[in-house]
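Residue-level listing of the chains:
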Amino acid sequence: MDVLLLPFRWIYRGLVWFANSPRTLIISYLLMIMVAGVLYSHAEHKSAADSVWWAVVTASTVGYGDISPTSFAGRFLAALLISTMVLLVIPLITAHFASRLIVDDDAFEHAEQEELKADVRRLRALVEEMAVRQGIAVPEPERPEPGSPAPPWERRRRHRRSR
């Protein structure tokens, strides 16, 4: 089953890499416009300027109607350009900018989390040492019983390890 899912994982990773780079998104958008313009120019026998204008208008799904394909190749190119832009490029650009707006600047970095864990361990050791000196029994931290659902942060950690 993993072999069947491998190409989809590669595609997913490629899309994630693609979506996380604004430079890549902008370059790919411009490249798509230029390639579509050149192909349209050859398919419809239009000038380069008119073809690039058509590609921009078509890719943005505005469709003024001043230039439209008449051949099968031109129409196929238009359908491919619109579908690619609407289903892939525009959502990736939108997702990229939305993710930048949602970033939690107060979230701890990994190194900070590790430092906090180490501090808690040291504090626990000090509390246990002080309790032993005072003759006080320190209760054990609560551990989930086997078979009980793990807390969400533990589920994510276990899931990552199993990959």
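Please refer to the structure placed before this passage.
Right, let's walk through the structure included here. (Residues numbered from 1 in each chain as written. Predicted model: local features only at pLDDT ≥ 70, side-chain atom pairs only at ≥ 80, totals over all residues. Heavy atoms only, no water.)

1. As for the overall build of the protein chain
Tallying secondary structure elements over the protein chain gives 6 helices and 0 strands in all. Here the protein chain, with 163 residues, has 18% of them falling under the buried criterion. For the protein chain, contacts bridging at least 24 residues in sequence account for 46% of all contacts bridging at least 6. Carbon and sulfur atoms make up 64% of the accessible area of the protein chain, which totals about 13200 Å². (Helix = DSSP H or I, 4+ residues; strand = E, 2+ residues; numbered from the N terminus. Buried < 20%, exposed > 50% of the residue type's maximum accessible area, 1.4 Å probe, protein only. Contact = heavy atoms within 4.5 Å. Areas by Shrake-Rupley, 256 points an atom, 1.4 Å probe, with all protein chains shown as cover.)

2. Regarding a nonpolar patch on the surface
The grouping of Leu-5, Phe-8, Ile-11, Leu-15, Ile-82, Val-86, Leu-87, Leu-88 and Ile-90 at the surface amounts to a nonpolar patch, some 780 Å² of accessible area in total. Among the elements of the structure, α1 (2-19) and α4 (72-102) are those that each provide at least two residues to the nonpolar patch. It is α4 that provides the largest number of residues to the nonpolar patch, a total of 5 residues. Structurally, Leu-88 can be placed in helix α4. (Patch = residues over 30% accessible without salt bridge, like charges linked within 9 Å, V, L, I, M, F, W, Y side chains within 5 Å. Salt bridge = Lys/Arg side-chain N within 4 Å of Asp/Glu carboxyl O.)

3. Topic: helix α3 (residues 48-59)
In this model α3 runs 16 Å from its N-terminal to its C-terminal C-alpha over 12 residues, within 8% of the 16 Å that 1.5 Å per residue would give. Buried within α3 are the following residues: Ser-51, Trp-54, Ala-55, Val-57, Thr-58 and Ala-59. Looking at the buried side of α3, the elements it contacts are α2 (22-44) and α4. Thr-61 sits one or two residues past α3 and shows a positive phi near 60°. (Expected span 1.5 Å × (residues − 1).)

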